[in-house]
Amino acid sequence: DLTAYLHKNAEEHPVVIAQTPFASIEDRKLMAATLFETLAVPRLLVKPQSCFAIFASGSNCGLSVDFGEDSVNIVPVYECESLSSSPPKHIGHM
């Protein structure tokens, strides 16, 4: 039982998830369904990692540059939202 493993009752805690720039809609739907139906979380917020990075810097607008092990993702953020008209730029293997 996951609740016993976490030592917390999931039904009492909202969940915040930072998603990767290229997460598919199907993956997000499955994740949300699992959290709501299996763990009965009361609330769920899913935002792109880039939005959390800009928010953590004390702003709500900026350019998020995420350096990973084998890639770099560049995402413009305005008012804590990734700009949908500008898909994330993925620079392949470094």
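Quick note: structure is the one above.
Residues numbered from 1 in each chain as written. Predicted model: local features only at pLDDT ≥ 70, side-chain atom pairs only at ≥ 80, totals over all residues. Heavy atoms only, no water.

With that out of the way, let us pick up the pattern of salt bridges. For the coordinates displayed, the defined rule picks out 1 salt bridge. Residue Lys-47 is joined to Glu-81 by a salt bridge in which the shortest nitrogen-to-oxygen separation is 2.4 Å. Highlighted residues: Lys-47 in strand S2 (residues 44–48) and Glu-81 in strand S5 (residues 81–82), separated in sequence by 34 residues. By relative accessible area, Glu-81 is classed as partly exposed at 43%. (Salt bridge = Lys/Arg side-chain N within 4 Å of Asp/Glu carboxyl O. Helix = DSSP H or I, 4+ residues; strand = E, 2+ residues; numbered from the N terminus. Buried < 20%, exposed > 50% of the residue type's maximum accessible area, 1.4 Å probe, protein only.)

For the rest of this paragraph, the subject is unusual backbone geometry. Phi at Ala-40 is positive, roughly 55°, even though this residue is not glycine. With respect to the secondary-structure elements, Ala-40 resides in the loop between helix H2 (25–38) and S2. Phi angles above zero are rare outside glycine, and Glu-79 is one such case at about 50°. Relative to the assigned elements, Glu-79 resides in the loop between strand S4 (72–78) and S5.

A few words on the side chain of Gln-19. Along the polypeptide, Gln-19 turns up in strand S1 (residues 15–19). The contacts of Gln-19, once residues within four sequence positions are left out, are Arg-28, Val-46, Lys-47, Pro-48 and Gln-49. (Contact = heavy atoms within 4.5 Å.)

Once that is clear, we can look at the pairing of S4. With 5 of 7 residues buried, S4 lies mostly within the body of the structure. The pairing of strand S3 (residues 62–67) with S4 spans 6 bridges and is antiparallel. Bridging across to S4, Ser-64 finds its partner in Val-75. The antiparallel pairing of S3 with S4 creates a hairpin that spans 4 residues between the two strands. Inspection of the sheet shows S4 paired to S5 by 2 bridges, in the antiparallel sense. Paired with Tyr-78 across the two strands is Glu-81, which belongs to S5. In this antiparallel pair of consecutive strands, S4 and S5, the connection spans 2 residues, and Glu-79 shows a positive phi of 50°. (Pairing = 2+ DSSP bridges.)

Our next topic: a nonpolar patch on the surface. Taken together, the side chains of Leu-63, Val-65 and Phe-67 present a nonpolar region at the surface, about 320 Å² in accessible area. Note that Leu-63 resides in strand S3. Judged by relative accessible area, which is 55%, Leu-63 ranks as exposed. (Patch = residues over 30% accessible without salt bridge, like charges linked within 9 Å, V, L, I, M, F, W, Y side chains within 5 Å. Areas by Shrake-Rupley, 256 points an atom, 1.4 Å probe, with all protein chains shown as cover.)

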